[in-house]
Amino acid sequence: MRSLEARLQVGLAGSLVLLIGAVWWIGHAALHRTADAFVLSRLEHDAEGLVGALVKHPDGRLEVGEQRLTPVYHQPYSGHYFVIETRDRQRIRSRSLWDQDLAGRPLPPGASEHWRAVGPNQQRLLVWGGGYQWDGSHFSLAVAEDVSPLDRALVFFERLFALMAVGGFLLMLLVQRFVVRRAFAALVPVYHDISRLESGQTVALTERVPSEILPLVRKLNRLLMLFTRRLERSRTAAGNLAHAIKGPLSLLNQQLQDPALPIDSASRQALIEQVERLRRLAERQLKRARLAGAGGAGLRFDPAEELPTLARLLARIHAPKDLDIHLDIGTTGPLDADREDMLELLGNLLDNACKWARAEVRCSVTSNGDELVFCVEDDGPGCAETEIAAITGRGVRLDEDVSGHGLGLAIAKEIIESYQGRIAFCPSPELGGLCAEVRLRVSGG
């Protein structure tokens, strides 16, 4: 169970069930005990009145003075009964028993007990019994009262309590659900900041959160800051390293070109190729650092904001050509794609187009459902069908086999494959040069 709300609901439900069960059990026992104690107290008083109404005849027989009895003991099946039993088997019963009997218990003088019994007409009786010694006579007295009405009232109360308990139980669950959701609502700003972080609109999460979550948010903010700084240092270090080795590589290439260097031609050519490969790798890293520019990790790509800047940068790089770089942006807002990846992809495609273009380069960005389409074309000499087949061929090392398009297209192909997209090349129908069309499965922001 991963839901915190579900865990809290289950925990509260279990606690309430235990609490309500304990309250019901204790309340049930206390209520019945209190009711029985009240009735027994009254029965004990009735027993004292019966003892006071006894009359002893000269022959030793006991008799209850009828005029001193409460009328309920004369009415048949009234629910109030008594039985007096002496040691010599004399039994005195109340007229309310009519043709029924009430089993008593022989008790020694001073002893008392109470018990439940079934009386006339299946009445539920509570019986109080006691042992007495009076005027030389020993007898046991049992006084009973029908507690069926009282039991029914107690059952009604218990059912009412159970109904109220279930209602309170459900109400507490609803209240807790409301309270929990209100508490979780305090995290909504964090959710919004995460979305803004993905789209590049912020670089940190808000700290206006509950105190229990604040340490976690602060740790995440520190990690975000750390990763951003590391990314910037990595970009700077890669660019600095690539720039630093360009000079020694150029010097090494010049020395290898020197005919006076005592080395055979095959070794010389192999070394020159390796130096050239290192130079191209350095150029690649410099180009990646230059195209990425400033920005933190996780920023989203906004074509309307980024492409004009990229076009101006490429126009300065290829300034002697006086190129017209035309942009056609058919999307709005940030795209669900990493800013650095898209800048590197489009930057390399546009760089290759600028390299071969005579005067004009076009770049269009459109969205077709869940698919993002980039189209870069130039008015250069284009490529032959065999060269286009080599560019798009599976497993071909573009930077080695296709002159002029190698480095940029190799970078572009890596990025496209990481997005599970595809790239296609064809002659530009309007400009006459090469047209590169990229399709990525991403969503517009």
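Residues numbered from 1 in each chain as written. Predicted model: local features only at pLDDT ≥ 70, side-chain atom pairs only at ≥ 80, totals over all residues. Heavy atoms only, no water.

(A) Highlighting the overall build of the protein chain. A tally of helices and strands in the protein chain yields 10 helices and 14 strands. Among the 445 residues that make up the protein chain, the fraction classed as buried is 37%. Residue pairs at least 24 apart in sequence account for 59% of intrachain contacts in the protein chain once pairs closer than 6 positions are excluded. When the accessible surface of the protein chain is split by element, carbon and sulfur atoms take 57% of a total near 25900 Å². (Helix = DSSP H or I, 4+ residues; strand = E, 2+ residues; numbered from the N terminus. Buried < 20%, exposed > 50% of the residue type's maximum accessible area, 1.4 Å probe, protein only. Contact = heavy atoms within 4.5 Å. Areas by Shrake-Rupley, 256 points an atom, 1.4 Å probe, with all protein chains shown as cover.)

(B) A look at the pairing of strand β7 (residues 137-146). The buried fraction of β7 is high, at 9 of 10 residues. Pairing of strand β3 (residues 80-86) with β7 involves 7 bridges; the strand directions are antiparallel. Along β7, the bridge assignment pairs Phe82 with Val143. Where strand β6 (residues 124-134) lies against β7, 10 bridges are found, and the strand directions are antiparallel. Within the sheet, the bridge partner assigned to Gly131 lies in β7 and is Ser140. Here β6 folds back onto β7, and the loop between the two strands holds 2 residues, one of which, Asp135, carries a positive phi near 50°. (Pairing = 2+ DSSP bridges.)

(C) Structural view of empty space enclosed by the protein. Considering all chains together, one arrives at 1 cavity of 30 Å³ or more under this definition. Taken as a whole, the largest cavity encloses approximately 70 Å³ of empty space. Sorting the residues of the lining of the largest cavity by element identifies α7 (339-356), β12 (371-378) and β14 (434-440) as the ones contributing at least two each. Taken together, the residues that form the lining of the largest cavity break down as 8 nonpolar, 2 polar and 1 charged. (1 Å grid on protein atoms, 1.4 Å probe; cavity = no way out; pocket = protein on both sides within 12 Å on 5 of 7 lines; lining within 4 Å. Points joined across faces, edges and corners; volume = space filled by probe spheres on them. Nonpolar A, V, L, I, M, F, W, Y, C, P; charged D, E, K, R; others polar.)

(D) Region of the structure containing the packing of aromatic side chains. Taken as a whole and assessed by the stated rule, the structure comprises 2 aromatic pairs. Measuring from ring centre to ring centre gives 5.2 Å for Tyr73 and Phe82, while their planes differ by 75°; the resulting arrangement is edge-to-face. Across the pair, exposure class does not vary: Tyr73 and Phe82 are buried alike. Taking 5.6 Å as the distance between ring centres and 15° as the angle between the ring planes, the aromatic pair formed by Tyr132 and Phe139 counts as stacked. Cation over ring: Arg105 sits above Trp115, and NZ or CZ is 4.1 Å from the ring centre. (Phe/Tyr/Trp six-rings, centres within 6.5 Å; stacked < 30°, edge-to-face > 60°. Lys NZ or Arg CZ within 6 Å of the ring centre and 35° of its normal.)

(E) Quick peek at the packing of helix α1 (residues 4-52) against helix α2 (residues 148-185). At their nearest, the axes of α1 and α2 sit 10 Å apart, and the two run at 160° to each other. One way to sum up the angle between α1 and α2 is to call them roughly antiparallel. Two packed elements cross with a definite hand, and for α1 against α2 that hand is right-handed. (Axes fitted to C-alpha atoms, helices over the stretch in contact; angles between N-to-C directions. Parallel < 35°, antiparallel > 145°, perpendicular 65-115°, else oblique. Left-handed = near helix turned anticlockwise from the far one by under 90°.)

(F) The sheet that holds strand β4 (residues 91-93), seen in detail. One open sheet holds the 5 strands; their spatial order is β4-β3-β7-β6-β5, and the pairing between them is antiparallel. Looking at strand neighbours, the two that pair on one side only are β4 and β5 (112-118), the edges of this open sheet. Strand-to-strand twist of the sheet, defined as the mean angle between neighbouring strand axes without regard to direction, takes the value 20°. Both β5 and β6 contribute to a ladder of 7 bridges, which runs antiparallel. If you follow Trp115 over to β6, its bridge partner there is Val127.

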